[in-house]
Amino acid sequence: MTLAQIAPTTNVTAKLPHQPLLSARGIEKNYGGNRALKGVSLDIFPNEVVALVGDNGAGKSTFVKILSGAETHDGGSILVDGQKVQMSTPNDAHENGIATLYQDLGLVDCFNVPQNVFLGRELTGRLGGAIPFLRHTEMRRRTADLLKELDIRLPDLARPVSTMSGGQRQAVAISRLLLGDVRLIIMDEPMAALGVDEGQKVLDLIARLSRKHISFFIISHNMEHVMTIADRIAVFKNGNLVGVVRREDTTREEITSMIVHGRT
Amino acid sequence: MVNTEINSHADPSANRPIWARTMRVLHDVFLANGILPFVLVAAIIFMGIAEPRFLSYDNLFNLGRHSTYLIIISVGQMLALLVRGIDMSVGSTVALVSVTTALAITGTAQAIPDAPPGLAIVAGVAAGMLTGAVVGLINGIGIAVLSVSPFIMTVGMMSIATGVALTLSGGMPVYGMPREFGQIFSNASLHGLPVPVLYCIAVLILGYYMLNWTVLGRRIYSLGGNLNATRLAGVNTTFFMVLTYVLCSVIVAFGAILLTARVNTGEATLGTTLLMESITACVIGGVSFFGGIGRISNVFLGAIFVTILTNGMNLLRIESYVQQIVLGVFLIAAVVVDQIRVRMLRQERIETG
Ligand SMILES: Nc1ncnc2c1ncn2[C@@H]1O[C@H](COP(=O)(O)OP(=O)(O)O)[C@@H](O)[C@H]1O
Ligand SMILES: [Mg+2]
């Protein structure tokens with residue numbers, strides 16, 4: 001069976017509720033005189049995978065940073081569940097159930113899997129009601145449960161992630177994001193640094209997670225990945241949204257033409 | 001069906017010859033603990049053969065007692081190394097704390113002539129610990145807030161602390177400690193255990209608890225492991241970095257108070273060898289210069305090793321300047337081996353990944 005067959009094959013429109021999870025309305029961003037985003041509007045619905053493609057400098061990373069609270073915007077607004085929200089820090093995004101996978105993954109190399117998954121939100125208890133201590137066993141157990149739920153298999157959770165392959169590390173980084181109440185995961189070129197096999201495994205993980213009611217917004221250069229994984233594909237050119245097409249309704253050639261010529 | 005098994009590997013060592021398996025075990029011990037277990041065993045065997053007195057009860061007792069100061073200072077140094085820093089000022093912090101502690105004790109005794117010695121001792125210990133906290137706070141602020149490199153910041157502090165210690169003491173030892181001070185922090189013993197050993201055990205237990213069982217410990221390791229990832233995880237990294245340096249210097253200050261009690265004077269020249277020795281103890285104990293890696297149990301053994309080395313060389317009547325050469329060679333060798341070890345760990349990752 002190929003990955004394309006595993007990916008959701010249901011009718012995309014039937015799957016899309018009316019209320020978008022996240023709406024960007026007329027987002028503008030200027031870097032000095034450089035208009036990186038010229039008023040971009042895009043909706044991301046629950047349970048869908050949206051891919052973002054476009055040439056270098058099209059504004060993809062800038063847009064994604066604005067949605068994840070890592071960058072401010074100069075115009076437009078962001079809505080979550082139809083409500084206008086402030087998205088000025090990564091914490092704002094996190095409170096709205098939006099998590100971002102950073103390029104360097106945000107892992108501590110010398111930490112093992114549970115230590116990374118629980119980084120910054122360690123579970124503590126109190127011995128005899130007084131002495132605080134880390135609940136190592138509980139964190140290990142919950143990590144194992146989480147990975148099991150996500151169908152992620154790792155050789156040994158107790159090993160530092162520095163001893164793991166790129167794809168395994170990516171899986172740890174993604175499961176880290178899923179510890180909280182996450183509804184949308186944003187990724188900027190998640191497969192760029194991975195080999196073919198590793199990239200495939202991450203694609204597979206994304207496909208599985210998208211069936212567990214998590215939306216993805218993924219920047220990718222790899223047209224094959226995009227055509228495999230995405231429900232819809234958004235194309236940027238020169239800070240504008242060229243268009244959004246459903247994967248079933250399009251071809252690689254059409255997408256490439258949109259990227260190059262900037263029209264549908 | 002796509003194989004979702006990301007990695008599984010069978011143990012290939014099952015039916016290898018005994019020497020190959022032994023090598024494998026040694027290899028794993030090396031990757032996990034570094035050079036320490038090897039040099040420690042070698043040092044004990046070598047000393048036991050070269051100088052039978054080394055293994056005498058008296059000498060071992062002496063060695064245990066003597067090692068406590070270095071162990072405590074090394075635990076402080078370890079914290080700085082864990083956050084990917086270094087504390088070049090440990091030795092001069094010891095000197096400064098020794099002087100401020102002694103001056104506070106003698107000052108209190110002079111100001112309130114008929115005060116009980118306990119009051120002067122409390123004042124001295126408070127002054128010493130406070131001195132340590134201030135030194136650590138300045139180091140931490142310089143490093144975490146002003147972004148001065150840890151090496152430069154603490155080298156600067158080394159000069160400042162020594163200068164202040166010499167200024168305060170006028171270059172003279174501070175005499176006049178009450179007898180009780182020496183008793184409480186150096187000479188008394190409990191069930192045959194000298195008090196410095198007990199204090200040292202307490203520092204080790206508290207340090208172990210802090211590093212392995214508290215959120216603070218996780219922060220210290222993650223700051224050194226990946227500062228940026230720790231920040232992205234929502235941690236106030238500046239606060240924890242400063243706190244780590246404060247803890248480092250406070251622990252060093254405690255060691256300094258014990259040393260002051262042992263020599264029974266406040267001395268601006270106390271602790272000059274501790275910088276070299278503490279870094280060597282940590283690095284031989286497997287604390288990585290790259291931050292985030294190191295176990296307190298191995299730092300303890302590393303400090304024991306350094307003490308055995310100096311004690312052994314003393315027994316063998318090796319001149320102190322030759323001892324300096326040996327210590328320097330060990331430090332450099334330990335760093336080189338640390339780098340080889342890090343490379344081997346990466347290699348493991350490629351092979352098994
Ligand atoms: N921090 C920045 N400062 C100034 N200009 C920037 C910055 N980040 C991006 N830009 C500019 O904004 C435009 C869009 O960049 P980016 O969003 O990185 O594009 P993409 O990810 O699609 O390649 C480019 O012209 C780029 O030079
Ligand atoms: Mg980009």
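Just so you know, these numbers come straight off a predicted model, no measurement behind them.

1. Here's the deal with the overall build of chain A
Part 1 of the reasoning: Across its full length, chain A carries 10 helices and 12 strands.
Part 2 of the reasoning: For 264 residues, the compact-globule estimate of 2.2 N^0.38 gives 18 Å, and the C-alpha radius of gyration of chain A, at 19 Å, lies within 12% of that figure.
Part 3 of the reasoning: Dimensions of chain A, computed from the C-alpha atoms along their principal axes, are close to 65 × 45 × 35 Å.
Part 4 of the reasoning: Of all 264 residues assigned to chain A, the portion counted as buried reaches 54%.
Part 5 of the reasoning: For chain A, restricting intrachain contacts to residue pairs at least 6 apart in sequence, the fraction spanning at least 24 positions comes to 66%.
Part 6 of the reasoning: In the form shown here, chain A has an accessible surface area of approximately 11,300 Å², with 48% of it arising from carbon and sulfur atoms.
Part 7 of the reasoning: One way to put it: in chain A the 30 positive side-chain charges average out to a point 2 Å from where the 29 negative ones average out.

2. Observations concerning helix H7 (residues 166-177) of chain A
Part 1 of the reasoning: Here H7(A) contains 12 residues, and its C-alpha end-to-end distance of 17 Å stays within 8% of the 16 Å for a straight helix at 1.5 Å per residue.
Part 2 of the reasoning: Of all the residues in H7(A), the buried ones are Gly167(A), Gln168(A), Arg169(A), Gln170(A), Ala171(A), Val172(A), Ala173(A), Ile174(A), Ser175(A), Arg176(A) and Leu177(A).

3. Focus on unusual backbone geometry
A negative phi angle characterises most non-glycine residues, just as the trans form characterises most peptide bonds.
All names here are of chain B.
Part 1 of the reasoning: You will see that serine 147, though not glycine, has its phi angle at about 60°, which is positive.
Part 2 of the reasoning: Locating serine 147 in the fold gives a position in the loop between helix H5 (117-145) and helix H6 (150-169).
Part 3 of the reasoning: For serine 147, a relative accessible area of 61% corresponds to the exposed category.
Part 4 of the reasoning: In this model, histidine 191 sits at a positive phi of 50°, which is unusual for a non-glycine residue.
Part 5 of the reasoning: Structurally, histidine 191 is set in the loop between strand S1 (189-190) and strand S2 (193-194).

4. Side note on the site of ligand 1
All names here are of chain A.
Part 1 of the reasoning: Close contacts around ligand 1 come from Tyr31, Asn34, Ala36, Asp55, Asn56, Gly57, Ala58, Gly59, Lys60, Ser61 and Thr62, and that covers them all.
Part 2 of the reasoning: Within the backbone of glycine 57, an N or O atom sits 2.7 Å from an oxygen atom of ligand 1.
Part 3 of the reasoning: Look at ligand 1: alone it shows 560 Å² of surface, and the protein chains cover 60% of it.
Part 4 of the reasoning: Secondary-structure elements contributing two or more residues to the shell around ligand 1 are strand S2 (34-44) and helix H3 (60-67).

5. Overview of the nonpolar core
Part 1 of the reasoning: With 88 residues, the main nonpolar core has Met78(B), Val94(B), Phe181(B), Leu211(B), Ile220(B), Phe305(B) and Ile308(B) as its most contacted residues.
Part 2 of the reasoning: No other element matches helix H11 (residues 237-263) of chain B, which puts 13 residues into this core.
Part 3 of the reasoning: In this structure Phe305(B) touches Leu36(B), Val39(B), Leu40(B), Ala43(B), Ile284(B) and Phe330(B), once residues within four positions along its chain are discounted.
Part 4 of the reasoning: Of all hydrophobic cores here, the second largest spans 51 residues; its members include Val161(A), Ala207(A), Phe216(A) and Val226(A).

6. With respect to the domain arrangement of chain A
Residue and element names in this part refer to chain A.
Part 1 of the reasoning: As far as domains go, chain A holds domain 1 (20-97 + 182-263) and domain 2 (110-180).
Part 2 of the reasoning: Counting from both sides, the interface comprises 13 residues of domain 1 and, opposite them, 15 residues of domain 2.
Part 3 of the reasoning: In total, about 1,100 Å² of surface goes out of reach between domain 1 and domain 2, with carbon and sulfur atoms giving 66% of it.
Part 4 of the reasoning: Per-residue buried area on domain 1 facing domain 2 is highest for Val182, Leu205 and Arg208; these three make up 34% of the total on that side.
Part 5 of the reasoning: Put simply, domain 1 and domain 2 have zero salt bridges between them.
Part 6 of the reasoning: Summed over the shared surface of domain 1 and domain 2, the result is three residue pairs in polar contact (both at pLDDT 80 or more).
Part 7 of the reasoning: Listed by contribution, the elements that provide at least two residues to the side of domain 1 that touches domain 2 are strand S9 (184-188) and helix H8 (196-210).
Part 8 of the reasoning: Looking at which element gives the most residues to the side of domain 1 that touches domain 2, the answer is H8, with five residues.
Part 9 of the reasoning: Residue composition of the side of domain 1 that touches domain 2, by class: nine nonpolar, one polar and three charged.

7. Notes on the confidence of the model for chain B
Part 1 of the reasoning: A residue-level look at chain B finds 94% of positions with pLDDT of 70 or above and a mean pLDDT of 90.
Part 2 of the reasoning: Low pLDDT (under 50) marks residues 1-10 of chain B, which in the prediction has 24 contacts with non-local residues, meaning those over four places away or in another chain.

8. Re the environment of Arg219(B)
Part 1 of the reasoning: Along the chain, Arg219(B) turns up in helix H9 (residues 215-225).
Part 2 of the reasoning: Looking at Arg219(B), the relative accessible area reads 6%, which means it is buried.
Part 3 of the reasoning: With near-sequence residues (within four places) excluded, Arg219(B) lies in contact with Gly120(A), Arg121(A), Glu122(A), Val235(B) and Phe240(B).

9. Some thoughts on the sheet that holds strand S12 (residues 240-246) of chain A
All names here are of chain A.
Part 1 of the reasoning: With mixed pairing, six strands are arranged side by side in an open sheet as S6-S9-S10-S3-S11-S12. Among the strands making up the open sheet, the edge pair consists of strand S6 (98-101) and S12. Between one strand and the next, the sheet's axes are offset by a mean angle of 20°, whatever the strand orientation.
Part 2 of the reasoning: Two strands pair when backbone bridges link them, and S6 and S9 are joined in this way by four bridges, in the parallel orientation.

10. Quick word on a nonpolar patch on the surface
Residues and elements named next belong to chain B.
Part 1 of the reasoning: A cluster of nonpolar side chains, namely Ile18, Trp19, Met23, Leu26 and Phe38, defines an oily patch on the protein surface of about 560 Å² accessible area.
Part 2 of the reasoning: Looking at the nonpolar patch element by element, the count peaks at four residues for helix H1 (residues 18-33).
Part 3 of the reasoning: In this structure, methionine 23 sits in helix H1.

11. What about the sheet that holds S2(A)?
Residues and elements named next belong to chain A.
Part 1 of the reasoning: The four strands are arranged S2-S1-S4-S5 in an open sheet whose pairing can be described as antiparallel. Because the sheet does not close on itself, it has two edges, and the strands there are S2 and strand S5 (83-85). When strand polarity is set aside, the average angle formed by the axes of neighbouring strands in this sheet is 30°.
Part 2 of the reasoning: The strands touched by H3 are strand S1 (22-31), S2 and strand S4 (75-80); relative to S1, the strand with the most contacts, the crossing angle is about 120°.

12. Quick notes on the pairing of S12(A)
Residues and elements named next belong to chain A.
Part 1 of the reasoning: Alignment of strand S11 (residues 232-237) against S12, held across six bridges, turns out to be antiparallel. Considered in S12, the bridge of valine 235 is made with glycine 243.
Part 2 of the reasoning: Taking the residues between adjacent antiparallel strands as the criterion, S11 and S12 are bridged by two residues, where asparagine 238 takes a positive phi near 50°.

13. A look at the packing of aromatic side chains
For any pair of aromatic rings, geometry is given as the distance between the ring centres together with the angle between the planes.
Residues and elements named next belong to chain B.
Part 1 of the reasoning: Scanning the model with the defined rule gives eight aromatic pairs over all chains in all.
Part 2 of the reasoning: Residues tyrosine 199 and phenylalanine 254 carry aromatic rings whose centres are separated by 5.5 Å and whose planes lie at 85° to one another, so their mutual orientation is edge-to-face. Here the residue tyrosine 199 occupies a position in helix H8 (residues 195-213), and phenylalanine 254 occupies one in helix H11, the gap between them amounting to 55 residues.
Part 3 of the reasoning: Overall, tyrosine 199 belongs to the partly exposed group, its relative accessible area being 22%.

14. Overview of the pattern of salt bridges
Residue and element names in this part refer to chain A.
Part 1 of the reasoning: All told, the structure shown has 13 salt bridges over all chains when counted by the stated rule.
Part 2 of the reasoning: For glutamate 138, the salt bridge is made with arginine 141, and the minimal N-O distance between the two is 2.9 Å. With a gap of three residues between them, glutamate 138 and arginine 141 both fall in helix H6 (residues 136-149), about one helical turn apart.
Part 3 of the reasoning: Assessed through its relative accessible area of 16%, glutamate 138 is described here as buried.
Part 4 of the reasoning: Among the residues examined, arginine 141 registers a relative accessible area of 43% and is labelled partly exposed.
Part 5 of the reasoning: Taking the shortest distance from any N to any O, the salt bridge between aspartate 204 and arginine 208 comes out at 3.3 Å. Here aspartate 204 and its partner arginine 208 are both found in helix H8, four residues apart, which amounts to about one turn of the helix.

Conventions used here
Residues numbered from 1 in each chain as written. Chains lettered and ligands numbered in written order. Predicted model: local features only at pLDDT ≥ 70, side-chain atom pairs only at ≥ 80, totals over all residues. Heavy atoms only, no water. Helix = DSSP H or I, 4+ residues; strand = E, 2+ residues; numbered from the N terminus. Rg over C-alpha atoms; globule rule 2.2 N^0.38 Å. Buried < 20%, exposed > 50% of the residue type's maximum accessible area, 1.4 Å probe, protein only. Contact = heavy atoms within 4.5 Å. Areas by Shrake-Rupley, 256 points an atom, 1.4 Å probe, with all protein chains shown as cover. Lys, Arg positive; Asp, Glu negative; His and termini not counted. Charge placed at Lys NZ, Arg CZ, Asp CG, Glu CD. Expected span 1.5 Å × (residues − 1). Near = heavy atom within 4 Å. Polar contact = N/O pair within 3.5 Å; in protein donor to acceptor, adjacent residues only side chain to side chain. Core = buried A, V, L, I, M, F, W, Y, C linked by side-chain atoms within 4.5 Å. Domains from an automatic or database assignment. Buried area = accessible area lost by both parts, 1.4 Å probe. Salt bridge = Lys/Arg side-chain N within 4 Å of Asp/Glu carboxyl O. Nonpolar A, V, L, I, M, F, W, Y, C, P; charged D, E, K, R; others polar. pLDDT = per-residue confidence, 0-100. Pairing = 2+ DSSP bridges. Axes fitted to C-alpha atoms, helices over the stretch in contact; angles between N-to-C directions. Patch = residues over 30% accessible without salt bridge, like charges linked within 9 Å, V, L, I, M, F, W, Y side chains within 5 Å. Phe/Tyr/Trp six-rings, centres within 6.5 Å; stacked < 30°, edge-to-face > 60°.

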